[in-house]
Amino acid sequence: MLWKDVAVVWLLGLGVLKGEDMSYMVFSIGNADLSHIGTLAPLVKEKLMAQGSSRVTSSLILTGDLAGAGIATSSWDSVDASIAGRAALYADPEAQSAFGAAGWTPLTLNIGQVLGERGDGEGAYSVGVSAVSANHDPARNDQLSDLVWGVASNHGVNGMRSVRAIAAGEQTGSYLNIFYTDSVDGYLAASAELAQSAEFVGFMADNGGRITGRTVNRTMG
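Everything numeric in this text was worked out from a predicted model, so none of it was measured. (Residues numbered from 1 in each chain as written. Predicted model: local features only at pLDDT ≥ 70, side-chain atom pairs only at ≥ 80, totals over all residues. Heavy atoms only, no water.)

**Topic: the packing of aromatic side chains**
Argument step 1. Applying the stated criterion to the full structure yields three aromatic pairs.
Argument step 2. On the basis of an interplanar angle of 45° and a centroid distance of 5.2 Å, the ring pair of F179 and Y187 is categorised as tilted. With respect to burial, F179 and Y187 carry one shared label: buried.
Argument step 3. In textbook terms, an aromatic cluster arises when at least three aromatic residues are bridged by ring pairs, as seen for Y90, F99 and W104. (Phe/Tyr/Trp six-rings, centres within 6.5 Å; stacked < 30°, edge-to-face > 60°. Buried < 20%, exposed > 50% of the residue type's maximum accessible area, 1.4 Å probe, protein only.)

As structure tokens, then:
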């Protein structure tokens with residue numbers, strides 16, 4: 001599952017997050033001159049991690065309405081920390097200069113709560129699968145993650161994160177599964193197997209789940 005807006009495709013110690021061990025992913029989407037990505041991506045990572053982010057990744061959207069746009073994804077222990085960290089980034093003179101040189105134009109910002117993680121959440125590509133659910137039971141998050149990961153990991157997918165949109169405009173309340181892989185073909189093979197799985201199809205039916213979109217992204221740094 002993951003969220004309905006195909007723009008929100010980018011994406012802590014890996015494992016299942018439970019109880020009060022909450023983390024959040026912030027997706028900052030915008031346009032820029034990609035010839036500057038070699039400078040911009042490591043700079044943004046350095047600055048945000050210095051502000052407390054545990055993971056920062058820059059990607060290029062390859063498919064969908066926003067193909068060609070970039071997305072910087074950062075992970076935080078709290079939303080307050082993410083807001084403070086981004087404010088510090090945009091106030092930093094070195095970052096301001098880099099953004100200006102690259103012509104960075106923000107398009108949208110979305111925040112999601114991480115529901116669970118499996119495997120190694122890194123790869124040459126990320127695939128975001130968005131979904132909505134009419135009556136999803138949060139208590140079954142682990143069951144669904146185990147089911148999907150059991151198939152995906154057999155097709156070379158490195159890892160996955162499940163996210164619920166908590167501040168994403170019209171997409172708030174929807175879900176997103178982000179798959180990290182070095183081969184999009186491998187992910188597609190896993191997707192095809194899940195589509196034929198009676199257990200997965202039954203789970204989606206029981207929860208009123210419906211996949212609404214899929215976006216492929218290339219990791220840039």
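**Brief notes about the nonpolar core**
Argument step 1. Counting residues in each nonpolar core, the largest one holds 18 residues, and the members touching the most others are V127, V148, A152, V157, F179, Y187 and F200.
Argument step 2. Every element with two or more residues in this core is listed here: β5 (125-133), α4 (141-152), β6 (157-167), α5 (184-195) and α6 (198-206).
Argument step 3. Broken down by element, the residue count for this core peaks at six residues, all from α4.
Argument step 4. Within the second largest apolar cluster, 14 residues are counted, among which are W76, A102, W104 and I111. (Core = buried A, V, L, I, M, F, W, Y, C linked by side-chain atoms within 4.5 Å. Helix = DSSP H or I, 4+ residues; strand = E, 2+ residues; numbered from the N terminus.)

**Topic: the pattern of salt bridges**
Argument step 1. Throughout the structure, instances matching the rule amount to five salt bridges.
Argument step 2. Taking the shortest distance from any N to any O, the salt bridge between R55 and E122 comes out at 2.8 Å. On the criterion of sequence distance, the pair formed by R55 in strand β2 (residues 55-61) and E122 in the loop between β4 (105-119) and β5 is long-range, its members being 67 residues apart.
Argument step 3. Residue E117 pairs with R161 through a salt bridge whose shortest N-O separation is 2.7 Å. Of this pair, E117 sits in strand β4 while R161 sits in strand β6, and the two are 44 residues apart along the sequence. (Salt bridge = Lys/Arg side-chain N within 4 Å of Asp/Glu carboxyl O.)

**A look at the packing of α4 against α6**
Argument step 1. Direction vectors running N to C along α4 and α6 enclose 150°, while the axes themselves pass 10 Å from each other. What the angle tells us is that α4 and α6 run roughly antiparallel. Both α4 and α6 take part in a crossing whose hand is left-handed. Within the contact between the two elements, α4 uses Q143, L144, L147 and V148 and α6 uses E199, F200 and F203.
Argument step 2. Looking at the contact of α4 with α6 residue by residue, the classes come out as five nonpolar, one polar and one charged. (Axes fitted to C-alpha atoms, helices over the stretch in contact; angles between N-to-C directions. Parallel < 35°, antiparallel > 145°, perpendicular 65-115°, else oblique. Left-handed = near helix turned anticlockwise from the far one by under 90°. Contact = heavy atoms within 4.5 Å. Nonpolar A, V, L, I, M, F, W, Y, C, P; charged D, E, K, R; others polar.)

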